[in-house]
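# Structural overview for review
Here is how the chains run, residue by residue.
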Amino acid sequence: MTTGLDLDGDLEITGRVMPASNATFVGQIGDVAVVYKPVSGERPLWDFPDGCLAHRELAAYLVSEVLGWDIVPRTWLREGPLGRGMVQLWQDVDPDQAAVDLVPSDQVPEQGWRHVFDGYDGHDRPVSLIHEDSPGLRRMAVFDIVVNNADRKGGHVLAMPDGHRYGIDHGLTFHAENKLRTVLWGWIDEELSAYELDGVERVRQALDGDLASALAPLVQPYEVASLIGRCERLLRTRRFPSPRGEMPAIPWPPF
């Protein structure tokens, strides 16, 4: 629970996350540990020219909140030592758990996991990318479809000690064109559950009101229109999509 936390105090940088494509810092606001990504540390991207990545991170959190599935940790915009940026509550993961993994191809578990693809490691040994077959990870996959996540790496899935899974790093979201790049392809063409469809319907309805107003200063109007289109497509097809288009279906590196 984050209710009652004082998140308006001084933000002190205590470390830097390496490696990271954009400047990413660990910090403290009083006793609260946070991640801080200043807008000044963002690298320009040819396919995301409109709106800063920090805004997209906040937009992803707002959609997560409407879904009601607690996928994205609490996220907000504020000033910091390096200027305005995205701030997100730090999460202490369980180092003994992995929701996404690479295993030898002859050791893919028969139950509890979904197979995504096969390849070779740096020593030319056959390996397979797998992920959990869990309701929480399915919901994250649905969230990624809705926000058009172009960068769901395995390292962007946080395995918490209580079994919860958080998704982080949502700067590459909400593009108007299909950009879905994810390691969570294990449910291709399977039917969405009633619970999952209810979440998508909540987002679609909110886009006729408060959510649309909240997203307006964060992403472009045509990107909101595309978000509406993705929700309506999911509600119509009621299935997980397959990869489409010329872009790679999986981000590189996958972790």
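Refer to the structure above for everything that follows.
What this report covers is the structure whose coordinates are included nearby. What you see is a predicted model, and the numbers here were worked out from it, not measured in a lab.

One broad rule of soluble globular proteins: the nonpolar side chains tend to lie buried together. Counting 49 residues, the largest nonpolar core has Val63, Val146 and Leu207 as its most contacted members. The set of elements that each furnish at least two residues to this core consists of α1 (53-67), α2 (135-147), α3 (194-206), α4 (210-215) and α5 (221-237). The greatest single-element share of this core, amounting to 8 residues, is contributed by α2. If near-sequence neighbours (up to four positions away) are discounted, Val146 is found in contact with Val63, Val200, Val203, Leu227, Arg230, Cys231 and Leu234. Grouped together as the second largest cluster of nonpolar side chains are 11 residues, Leu7, Leu11, Phe25 and Ile29 included.

Backbone hydrogen bonds are what pair the strands of a sheet, in a parallel or an antiparallel way. Pairing within the open sheet is antiparallel, and its 5 strands lie in the order β1-β2-β3-β5-β4. Only two strands of the sheet have a single neighbouring strand rather than two, namely β1 (11-16) and β4 (75-78). Averaged over all adjacent pairs, the angle separating strand axes in this sheet is 35°, with direction ignored. Of the strands in this sheet, β3 (32-38), β4 and β5 (85-89) touch α1, which is tilted by about 145° from β4.

What follows covers unusual backbone geometry. For the bond running from Met18 to Pro19, omega is -10°, close enough to zero to count as cis. With respect to the helices, strands and loops of the structure, Pro19 is situated in the loop between β1 and β2 (25-29). Residue Pro253 is bonded to the preceding Trp252 through a cis peptide linkage, with omega at -5°. By secondary structure assignment, the location of Pro253 is in the segment after α5. In the Ramachandran plot, Asp169 falls in the positive-phi region, its phi being about 65° despite a non-glycine side chain. Along the chain, the position of Asp169 falls in the loop between β10 (165-167) and α3. Positioned with a positive phi, Asp189 is a non-glycine residue whose angle comes to about 70°. The residue Asp189 is located in the loop between β10 and α3 in this model.

Moving on, we come to the pairing of β3. The element β3 is largely enclosed, with a buried count of 6 among its 7 residues. Bridge count between β2 and β3: 5 bridges; the pairing is antiparallel. Within β3, the residue paired with Gln28 across the bridge is Ala33.

Criteria and cut-off values
- Residues numbered from 1 in each chain as written.
- Predicted model: local features only at pLDDT ≥ 70, side-chain atom pairs only at ≥ 80, totals over all residues.
- Heavy atoms only, no water.
- Core = buried A, V, L, I, M, F, W, Y, C linked by side-chain atoms within 4.5 Å.
- Buried < 20%, exposed > 50% of the residue type's maximum accessible area, 1.4 Å probe, protein only.
- Helix = DSSP H or I, 4+ residues; strand = E, 2+ residues; numbered from the N terminus.
- Contact = heavy atoms within 4.5 Å.
- Pairing = 2+ DSSP bridges.
- Axes fitted to C-alpha atoms, helices over the stretch in contact; angles between N-to-C directions.

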